[in-house]
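# Chain and residue survey
Here is how the chains run, residue by residue.
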Amino acid sequence: MSALTLGVIGCGHWGPNHIRVFSQLRDCEVAAISDLSERRLAEVGEMFPQVRRYRDHRELLADPALTAVVIVTPTKSHYAIVREALEAGKHVLCEKPLCTAAEEGRELVELARARGLTLMVGHIFLFNAGLLKVKELVEAGEVGAIRSLTAVRTNLGPVRSDVNAAWDLASHDIAIFNWLLDAEPLEVQAMGAAFIQPGVEDVVNISLKYPGGVLASIQCSWLDPKKVRQVTLVGSRRMITWDDLALSNPVAVFEKSVETKLEVSDYGEFLRLSMLDGDVRLPKVPTGEPLKAQDAEFLRAIREQRAPRSDGRFAVGVVHALQRIEQCLQPGRA
Ligand SMILES: NC(=O)c1ccc[n+]([C@@H]2O[C@H](COP(=O)([O-])OP(=O)(O)OC[C@H]3O[C@@H](n4cnc5c(N)ncnc54)[C@H](O)[C@@H]3O)[C@@H](O)[C@H]2O)c1
């Protein structure tokens, strides 16, 4: 099997992680990198001296030795660069979110399909071992019917200026919810506030309604004293919490539920509530780097000529929800 040769476009905060991970994976080689910043190109080039360096990503895309590219530039630039990469015949792994308009995302999905190329988006939490355990429990029927999902994703920064906290942070939670429920939200409501930069919401609270009446909420913020990455799932049979920062036991399964029964007695009908408040189980969760699992999936999908998990179609669903959130925050802006 010949090694896949990759280029990485964007070497800021996150790009070097992809370069490191792909360099560790078998049967692939990072042969080229690109960044608009000469300084960044030089710094990252020193860390990976074997790679060719390009200031202009178009020159990298013209490099015939490259089979695939990884796009790790700011969100607002994704659409144009992904389009150019697909037109240049490269398989694409683009960082999340895919773009800022669902219509543009659909165009990219169609372009990839027409050219027979893989288009994957870095929805990294679909490769998180803790959340894979949650998905496994849901699919095994352990939680019963899902009733609500709550996500909290806060920290002090890092603050972006090209997109708000919803595009940056809630993109992760919407991906998690859409994937766990295998659905997209029917209704979206959101409120936000921009305290740090005018017009760029740093605190956003989101409510979503999914098919089957599942109620979901997301609280995301760049302006918070505590780093929190948590999801709570309430099912009709059990409840589950996931805490990404609880390294040894990120998932807890609670034997908690409420049964409601309508009873008839001599005095009339009344609702009887029976609370089940039982044990808490901490299932074993394997360790492993989600980025490595995600990037390995990209390589496998190319080789096996199949859609990857978090393919372009899935990513468009996330963008669509984010666009509707944007419309709630600033009607007329999105
Ligand atoms: N999956 C995750 O957990 C995760 C984590 C961090 C960032 N991200 C995503 O990665 C992307 C980049 O984030 P970041 O934190 O690295 O941003 P960053 O601003 O630190 O880096 C972006 C880099 O892209 C470069 N760039 C911009 N336009 C370019 C172009 N046309 N050609 C080449 N280089 C160009 C910039 O010079 C900069 O060095 C974003 O989409 C973000 O959402 C994902």
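All chains use their own residue numbering, which begins from 1 and follows the written sequence. In view of the model being predicted, local features appear only for residues whose pLDDT reaches at least 70, and side-chain atom pairs are presented and counted only at 80 or more, with totals across whole chains, interfaces and linings using the full set of residues. Think of the side-chain values as coming from all heavy atoms in the structure, minus any hydrogens and water.

### Observations concerning a nonpolar patch on the surface
- A contiguous nonpolar patch, built from L156, V159, F195, I196 and L223 and spanning about 500 Å² of accessible area, is present on the exposed surface.
- A run of H or I in DSSP counts as a helix once it spans at least four residues, and a run of E counts as a strand once it spans at least two, with each numbered from the N terminus. Summarising the element assignment, L156 is placed in strand β7 (residues 146-156). The patch calculation keeps residues exceeding 30% relative accessible area without a salt bridge and links them within 9 Å when they carry like charges or within 5 Å when they are nonpolar (Val, Leu, Ile, Met, Phe, Trp, Tyr). Exposure was quantified through the Shrake-Rupley algorithm and a 1.4 Å probe, taking into account, for residues, occlusion by the shown protein chains and nothing else. Salt bridges are defined as contacts in which a side-chain nitrogen from Lys or Arg sits within 4 Å of a carboxyl oxygen from Asp or Glu.

### A word on the environment of V44
- With respect to the secondary-structure elements, V44 resides in helix α2 (residues 38-47).
- Residues V44 and I218, 174 residues apart in the sequence, show an inter-C-alpha distance of 35 Å.
- Any two residues whose heavy atoms approach within 4.5 Å are treated as being in contact. Excluding its chain neighbours within four sequence positions, the residues that come into contact with V44 are C11, P16, I19 and I33.

### Re the site of the ligand
- Here a residue counts as near a molecule or strand whenever at least one of its heavy atoms sits within 4 Å of it. Looking at the ligand, there are 22 residues lining it, with H13, W14, D35, K96 and R160 nearest.
- Taking K96, its main chain carries an N or O atom lying 2.9 Å from an oxygen atom of the ligand.
- Residue composition of the shell around the ligand, grouped by class: seven nonpolar, ten polar and five charged. Polar contact is the term for a pair of N or O atoms within 3.5 Å; when the atoms are in protein, one must be able to donate a hydrogen and the other to accept it, and sequence-neighboring residues count only if both atoms are side-chain atoms. When residue character is reported, Ala, Val, Leu, Ile, Met, Phe, Trp, Tyr, Cys and Pro are called nonpolar, Asp, Glu, Lys and Arg charged, and the others, Gly included, polar.

### Observations concerning the sheet that holds strand β11 (residues 223-235)
- Strands pair, by our definition, only if DSSP identifies at least two bridges between them. The eight strands lie next to each other as β8-β9-β10-β7-β11-β12-β13-β14, forming an open sheet whose pairing is mixed. What marks the edges here is a single partner per strand, and that holds for β8 (187-193) and β14 (268-281). When strand polarity is set aside, the average angle formed by the axes of neighbouring strands in this sheet is 15 degrees.
- Bridging between β11 and strand β12 (residues 239-243) involves five bridges; their strand directions are antiparallel. Looking across to β12, one finds that V234 is bridged to M239.
- With respect to the sheet, helix α9 (residues 312-329) is in contact with β8 and β9 (203-210), its orientation differing from that of β8 by roughly 50 degrees. Axes here mean lines fitted to C-alpha atoms, for a helix over just the part in contact, with angles spanning 0 to 180 degrees between N-to-C directions.

### Observations concerning the side chain of S257
- Residue placement: S257 occurs in strand β13 (residues 251-265).
- In contact with S257, other than residues within four places in its own chain, are S236, R237, M239, S274, M275 and L276.

### Some thoughts on the pattern of salt bridges
- Tallied over the full model, the rule gives 25 salt bridges.
- With a closest N to O distance of 2.8 Å, E289 and R20 form a salt bridge. With E289 in the loop between β14 and α8 (290-304) and R20 in helix α1 (residues 15-24), this residue pair connects regions lying 269 residues apart in the sequence.
- E297 is the salt-bridge partner of R300, the closest N and O atoms lying 3.2 Å from each other. Of this pair, R300 and E297 both sit in helix α8, three residues apart, which is roughly one turn of that helix.
- Assessed through its relative accessible area of 39%, R300 is described here as partly exposed. Each residue's exposure class comes from its accessible area (1.4 Å probe, protein chains only) as a fraction of the maximum for that residue type: buried when under 20%, exposed when over 50%, partly exposed otherwise.

### Considering the domain arrangement of the chain
- Annotation comment: domain bounds sourced from an automatic or database domain assignment. The domains assigned to the chain are domain 1 (4-125 + 291-310) and domain 2 (129-288 + 321-329).
- On the domain 2 side, the residues contacting the 13 residues of domain 1 number 16 residues.
- The quantity reported as buried area is the accessible area (1.4 Å probe) lost by two parts once they are put together, taken as the sum for both. Buried surface at the junction of domain 1 and domain 2, summed over both partners, amounts to about 1200 Å²; 63% is from carbon and sulfur atoms.
- Sorting the residues of domain 1 by area buried against domain 2 places K96, F125 and R309 first, and these three jointly supply 50% of that buried surface.
- In this structure, the connection of domain 1 to domain 2 is made through one salt bridge.
- The shortest N-O distance in the salt bridge between D168 and K96 comes to 3.3 Å.
- Scanning the region where domain 1 abuts domain 2 turns up four residue pairs in polar contact (both at pLDDT 80 or more).
- Among the residues making up the side of domain 1 that touches domain 2, the classes are represented as seven nonpolar, three polar and three charged.

### Some details on the packing of aromatic side chains
- For Phe, Tyr and Trp, rings pair up if their centres lie within 6.5 Å, where Trp contributes its six-membered ring, and each pair is then called stacked (planes under 30 degrees apart), edge-to-face (over 60) or tilted (otherwise). With the rule as written, the count across this model stands at two aromatic pairs.
- Ring centres of F22 and F298 lie 6.4 Å apart, and the angle between their planes is 75 degrees; this geometry places the pair in the edge-to-face category. Placement of F22 in helix α1 and of F298 in helix α8 is noted, with a sequence separation of 276 residues between them.
- Judged by its relative accessible area of 0%, F22 falls in the buried class.
- The exposure class assigned to F298 is buried, which follows from its relative accessible area of 0%.
- Considering the side-chain rings of F125 and W242, the 5.8 Å spacing of their centres and the 80 degrees angle between planes classify their relative orientation as edge-to-face. On the criterion of sequence distance, the pair formed by F125 in the loop between β6 (119-122) and α6 (129-139) and W242 in strand β12 is long-range, its members being 117 residues apart. Accessibility classification places F125 together with W242 in one group, the buried group.

### Re the sheet that holds β6
- The strand order across the open sheet built from six strands is β3-β2-β1-β4-β5-β6, with neighbouring strands paired in parallel fashion. For this open sheet the edge positions go to β3 (52-54) and β6, each flanked by a neighbour on one side alone. Ignoring strand direction, the axes of neighbouring strands in this sheet form an average angle of 25 degrees.
- Of the pairings in the sheet, the one linking strand β1 (residues 4-9) to strand β4 (residues 68-71) comprises four bridges and is parallel in character. Bridge assignment links I9 to a residue of β4, and that residue is I71.
- In the packing of α2 onto the sheet, the strands contacted are β2 (28-34) and β3, and the crossing angle to β3 comes to about 170 degrees.

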